[in-house]
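Inside the fold
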Amino acid sequence: MSGAGAPTITVQTPALKVAIVAAQWHTTVMDGLVAGAQRALAEAGVTDVTLVRVPGTFELPVACAALADRFDALVALGVVIRGGTPHFDYVCAGATNGITEVSIRTATPIGFGVLTCDDEQQAFDRAGLPGSLEDKGHEAATAAVATVAALSGVAPAVTG
């Protein structure tokens, strides 16, 4: 889901147990992503929400792997901003591949809210902050609970 043309997904899944796994780098952006995820879960009626903070985006896969069996869904949130070295590529690939592998291996839906941006402004524009163009934390949490609902035979409402 991204920008213009993104669907609006509505689902009520109050009995779910969900963990938000969030990196700590880039505090302002991360606070926006976490708030968006929490808001989406509240809108879906989810009240059993645990927030787990890890040092950075690269640590998201191992935390998701450790938590997957205890939760109905996870929301992985992080931000990586391109710098002048290949570090960006390694962290982005490691986090993406690791989170994907955990989700497939455990059959636990994981909302992917990892921002991979060329600069800080792109991160601010996607963080769900006042003035942001997008709310990727909200989108990631909505995707996670909508996937649980779909796998349970409950069709989420999709518009747009």
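Residues numbered from 1 in each chain as written. Predicted model: local features only at pLDDT ≥ 70, side-chain atom pairs only at ≥ 80, totals over all residues. Heavy atoms only, no water.

Observations regarding the UniProt feature "binding site: 5-amino-6-(D-ribitylamino)uracil" (unreviewed entry) in the protein chain
Short version of the rule: UniProt positions are given in the numbering used here, feature names are shortened, and annotations may be inferred rather than shown by experiment. Secondary structure elements follow DSSP: runs of H or I of four or more residues count as helices, runs of E of two or more count as strands, with numbering from the N terminus. Throughout, exposure labels follow a simple rule: accessible area from a 1.4 Å probe, protein chains only, divided by the maximum for the residue type, with under 20% read as buried, over 50% as exposed, and the rest as partly exposed. Residues count as neighbours in contact if any of their non-hydrogen atoms are within 4.5 Å of one another.
Within this structure's numbering, the places UniProt gives as "binding site: 5-amino-6-(D-ribitylamino)uracil" (unreviewed entry) are Trp 25, Thr 57, Phe 58, Glu 59, Val 79, Val 80, Ile 81 and Phe 112. Within the element layout of this structure, Trp 25 appears in the loop between strand 2 (17–23) and helix 1 (27–43). In this structure Trp 25 comes out as exposed when scored by relative accessible area, which is 59%. Apart from residues lying up to four places away in sequence, Trp 25 is in contact with Met 30, Pro 55, Gly 56 and Val 79. Mapped onto the secondary structure, Ile 81 falls in strand 4 (residues 73–81). Those residues in contact with Ile 81 that lie beyond four places of it in its chain are His 26, Phe 88, Cys 117, Asp 118, Asp 119, Glu 120 and Ala 123.

Description of the state of the cysteines
The following threshold applies: A pair of sulfur atoms, both from cysteines and within 2.5 Å, is called a disulfide here.
Applying the stated rule across the entire model yields zero disulfides. In this structure Cys 92 is a free cysteine whose sulfur lies 8.7 Å from that of Cys 117, the closest cysteine sulfur available. Residue Cys 92 is classed as buried on the basis of its relative accessible area of 12%.

Regarding helix 2 (residues 60–67)
This is how the line gets drawn: In this description, one arc is meant: the one made by directions from the helix axis to the C-beta atoms.
Residues Leu 60, Pro 61, Ala 63, Cys 64 and Leu 67 constitute the buried set of helix 2. Seen along its axis, helix 2 keeps its buried residues to an arc of 165 degrees; they face one direction. Residues of helix 2 that are exposed and angled more than 90 degrees away from the buried face: Val 62 and Ala 66. Here the buried face of helix 2 lies against strand 2, strand 3 (48–54), strand 4, helix 3 (87–106) and strand 5 (110–117).

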